[in-house]
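Structural overview
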Amino acid sequence: MTRSTPPVRQEGVDPIVVGLVSNRLHSMLNEQQTALVNTAFSPVVRESYDLACAVFDSVGSMIGQSSGGTPGHINALATGMRHIASRFAGDSLADGDVLITNDPWMTAGQINDITVATPVFRDGKTVAWFASCCHSPDIGGRILSAAATEVFEEGLRLPIMKLRTADGPDEVLEEIIRANVRTPNETMGDMYAQVAANQVGARSLLRLMDEFELDSIDEVAAEIMDRSEGALRHAIGQLSDGTYDASMECDGFGDEPLTLKVTVTIRGESIDVDYAGSSPQSPYGVNVVLNYTRAYTSFAIKAALAPEVPHNAGSFRPVHITAPEGSVLNCLDPAPVASRHLVGHFLPSLVFEALRPAVPGGLPATSADALWMTVWRGAAIGEEVPFTLTVFGAGGSGGRPSKDGLSTTGFPTGVRAAPTEVLETLTPLVQTQRELLTNSGGPGRFRGGLGQQLQVRRRGSHGWSVNANIDRIDHPAPGTLGGAAGGHGSFVDVATGGSLPRKTLVRLEAQTHVEFRFPGGGGYGSALQRPVDDVVADVVNGYVSLDAAREEYGVAVQYVGPSEATIRPPEHFRVDREETERLRAERH
């Protein structure tokens, strides 16, 4: 990632002012995000927080981000803003202008991710930008899946353009968007929310500039970025120089798995990350644009080495990321990209695996990684209220160097799962089961986080459909340092038990009942080293079965309570210590 030329600074920026402004900007960004979430129309933004909010200096370098959001949005937005700021340079913008784009190669790598950016004017000059990126509930084309063979099939593509000016919205553009999407009110409503949230941030920034008598924030912003750059370089400098590599496989599309390879080179206070050797770009929509590859790679480096460092353009500078053109991690326009997260979300675990020998404190085992996204559609003739609903869910994260992995917790994305009550209120969908999946966490000294089991049917007598954008069905999360793999995922018809197609449209009969089993995270360290009391606690909590406790952990646990009991407290379980010692001795 090349370093952009920072704005010219005045000598002697007051460090106290820098600290105060930095803290105030952080508060403004959280205020911006709160405004966005509270005014959004779709559950994608309002409940799941599939979004990012950020503030930039006058030339589009990121100064800071809000507390929530996803790395794929915020880090891609950080580099994408340079395209936006340069597209309307000089006097081509005026106070009241708002820009929009969803070009995958300029922003977050997917047609559904819409960026709205607002320049902030003071005395007739652009002094800053506020922007957000949100996953739209629908943007036309195919319902989101990996089945497209060109980006043109995936929806309405908007170049960098004006959404509105001081005179009001571009009504023709709004009509075009409304005419091309399945959820016109939600799609446009979320865009309005993005506009309003940017305005909230801009007003607060101008008040701050008045308070501190600042004509520009570029000098203060440059100091904030330099501090982050220096802190990350210092963290990199604590590592031994060297070259480290790793590879992994993911399911890809159909019967064509993908190989991801990385080489990480540490030189002094900088890191080079190269993805040469990864699979060529796919004919289907699992391809990743370089912007998105950079987003999740830079996140991985910072999370591994210096998670406490404030995140801004400065923290990108020490990390240089490359991938061969035409590869699955640097696809070329017009490659299909709708399900790019099903590959891009693997990159942090891949980078962690490469860095493992170089990081003294240790790094987590591999996670379920790819966020599971299902898009449900009911639009048959006679459907009283047609619906299109995007639902997110997560498997388990990998076991950590001193803790178990987190269950049903998205890593690396952080996107939330909407409550069942919300989904069932908005649509005829019914979640008949939603619970942790026993034995799905990879066995280890520190167990991988559990996946979940989810069953869905619908009310009514009409046919419906689902696109299950899911992974780790064929390639479960491996363990590390002797840990075992997490459980693999599945997507089946409950009545027949037969597997259903992934990453493409599946038409369902009215009475069809489907089940998802989310994958678990990999285990960390040998399961035979897990304390017996921890294994017993897992059995009591339903995380590990009696059989798995014996077979995987070498712990002989017996249930001695009433067989018909549905509540089984700890006192109803007993450990055969002698048998446990024998089992563990046999396997060492």
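Before any of the text, the structure's been laid out above.
Residues numbered from 1 in each chain as written. Predicted model: local features only at pLDDT ≥ 70, side-chain atom pairs only at ≥ 80, totals over all residues. Heavy atoms only, no water.

1. Notes on the packing of helix 4 (residues 171-180) against helix 5 (residues 184-212)
The test is simple: Note on geometry: axes are C-alpha line fits, over the in-contact stretch for helices, and angles between N-to-C directions span 0 to 180 degrees. Secondary structure follows DSSP: runs of H or I at least 4 residues long count as helices, runs of E at least 2 residues long count as strands, and numbering of each begins at the N terminus. Oblique is the label for any angle not under 35 degrees, not over 145, and not in the 65 to 115 range, which are roughly parallel, roughly antiparallel and roughly perpendicular in turn. Helix crossings fall into two classes, left-handed where the near helix is turned counterclockwise from the far one by less than a right angle and right-handed where it is turned clockwise. Residues count as neighbours in contact if any of their non-hydrogen atoms are within 4.5 Å of one another. Gly counts as polar in this scheme, as do all residues outside two lists: the nonpolar Ala, Val, Leu, Ile, Met, Phe, Trp, Tyr, Cys and Pro, and the charged Asp, Glu, Lys and Arg.
Between helix 4 and helix 5, whose axes approach to 8 Å, the crossing angle comes to 140 degrees. Considering their axes alone, helix 4 and helix 5 lie oblique with respect to each other. Viewed along their axes, helix 4 and helix 5 form a crossing whose handedness is right-handed. Contacts from Glu174, Ile177 and Arg178 of helix 4 reach helix 5 at Pro184, Asn185, Thr187, Met188, Met191 and Tyr192. Class assignment of the residues belonging to the contact of helix 4 with helix 5 gives a composition of five nonpolar, two polar and two charged.

2. Remarks on the nonpolar core
To be explicit about the condition: Buried Ala, Val, Leu, Ile, Met, Phe, Trp, Tyr and Cys residues form a nonpolar core when they are joined through side-chain atoms within 4.5 Å. Here the term buried applies to any residue with accessible area under 20% of the maximum for its type, exposed to any over 50%, and partly exposed to those in between, with areas from a 1.4 Å probe on protein chains only.
Core analysis: the biggest nonpolar cluster contains 69 residues, and Leu260, Val273, Tyr275, Leu305, Leu329 and Leu355 have the highest contact counts within it. In terms of residue count, helix 7 (residues 290-305) provides more of this core than any other element does, seven residues in total. Contact partners of Tyr275, with chain neighbours within four places excluded, come to Lys261, Val262, Thr293, Thr297, Ile321, Thr322, Ala323, Pro324, Leu329, Leu347, Leu350 and Val351. If you look at the next biggest cluster of nonpolar residues, it comprises 23 residues, including Leu25, Met28, Leu214 and Ala313.

3. Structural notes on the packing of aromatic side chains
To be explicit about the condition: The pairing test for Phe, Tyr and Trp rings, Trp by its six-membered ring, is centres within 6.5 Å, and the orientation test on the planes gives stacked under 30 degrees, edge-to-face over 60, and tilted for anything in between.
Scanning the entire structure with this criterion turns up eleven aromatic pairs. Ring centres of Tyr296 and Phe299 lie 6.3 Å apart, and the angle between their planes is 80 degrees; this geometry places the pair in the edge-to-face category. Remark: Phe299 and Tyr296 occur in helix 7; sequence separation between them is three residues, near one turn of the helix. On the basis of relative accessibility, which here comes to 21%, the residue Phe299 falls in the partly exposed class. A ring pair is formed by Phe299 and Phe411, whose centres lie 6.1 Å apart and whose planes are at 50 degrees; its orientation type is tilted.

4. Comments concerning the environment of Asp533
Structurally, the position occupied by Asp533 is in helix 11 (residues 532-541). Separated by 89 residues in the primary sequence, Asp533 and Gly444 place their C-alpha atoms 14 Å from one another.

5. A closer look at the pattern of salt bridges
The condition that has to hold: We define a salt bridge as a contact between a side-chain nitrogen of Lys or Arg and a carboxyl oxygen of Asp or Glu at a distance within 4 Å.
All told, the structure shown has 28 salt bridges when counted by the stated rule. Put simply, Arg24 and Glu211 hold a salt bridge, and the shortest N to O gap is 2.9 Å. Of the two residues, Arg24 sits in helix 1 (residues 15-39) while Glu211 sits in helix 5, which places them 187 residues apart along the sequence. Its salt-bridge partner being Glu383, residue Arg458 comes within 2.9 Å of it at the nearest N-O pair. Within this pair, whereas Arg458 is found in strand 15 (residues 452-458), its partner Glu383 is found in the loop between strand 12 (372-378) and strand 13 (387-393), the two being separated by 75 residues in sequence. Assigned by exposure class, Arg458 and Glu383 land together as buried.

6. A short note on the layout of surface pockets
Note the cut-off: As defined here, a cavity is a set of points on a 1 Å grid over the protein atoms alone where a 1.4 Å probe fits but cannot get out. A pocket is an open set with protein on both sides within 12 Å along at least five of seven lines, and residues line them when an atom is within 4 Å of a point. Grid points are joined across faces, edges and corners, and a volume is the space filled by probe spheres set on the points.
Of the voids in this model, the largest pocket is the one considered here, and its volume is about 560 Å³. Around the largest pocket, the lining is made up of 28 residues, and of these Gln65, Lys302, Val309, Pro310 and His311 lie nearest the centre. Mapped onto the lining of the largest pocket, the elements with two or more residues apiece are helix 1, strand 2 (62-65), helix 3 (71-87) and helix 7. When residues of the lining of the largest pocket are assigned to their parent elements, the largest contribution, five residues, is made by helix 1. Taken together, the residues that form the lining of the largest pocket break down as twelve nonpolar, 14 polar and two charged. Looking at the lining of the second largest pocket element by element, the count peaks at three residues for strand 13. Each residue belonging to the lining of the second largest pocket can be placed in one class, and the counts come to seven nonpolar, four polar and eight charged.

7. Looking at the side chain of Arg340
Formally: Think of a polar contact as two N or O atoms within 3.5 Å of one another; within protein, one of them needs to be a possible hydrogen donor and the other a possible acceptor, and neighboring residues in sequence only count if both atoms come from side chains.
Locating Arg340 in the fold gives a position in the loop between strand 11 (319-322) and helix 8 (341-344). Look at Arg340 and you get buried, because its relative accessible area is 5%. A polar side-chain atom of Arg340 sits 2.9 Å from the main-chain carbonyl oxygen of Ala108. When neighbours within four sequence positions are excluded, Arg340 is seen to be in contact with His73, Ala108, Gly109, Gln110, Asp113, Gly285, Val286, Asn287, Val288 and Tyr292.

8. Section: the sheet that holds strand 19 (residues 514-517)
Heads up, the rule is: Paired strands, as defined in this entry, are two strands with at least two bridges between them according to DSSP.
Pairing within the open sheet is antiparallel, and its four strands lie in the order 14-15-19-17. The sheet is open, and its two edges are formed by strand 14 (429-436) and strand 17 (490-493), each paired on a single side. Averaged over all neighbouring strand pairs, the angle between strand axes comes to 15 degrees, with direction disregarded. As paired elements, strand 17 and strand 19 share four bridges and run antiparallel to each other. From the neighbouring strand, Phe491 faces strand 19, where its bridge partner is Phe516.

9. Focus on the sheet that holds strand 11
The strand order across the open sheet formed by four strands is 8-9-10-11, and the pairing between neighbours is mixed. Each having just a single partner strand, strand 8 (242-253) and strand 11 make up the two edges of the open sheet. Pairs of neighbouring strands in the sheet enclose a mean axial angle of 15 degrees, with direction left out of account. The pairing of strand 10 (residues 270-274) with strand 11 spans four bridges and is classified as parallel. Along strand 11, the bridge assignment pairs Asp274 with Thr322. Helix 7 contacts strand 10 and strand 11 of the sheet and is inclined by roughly 145 degrees relative to strand 11.

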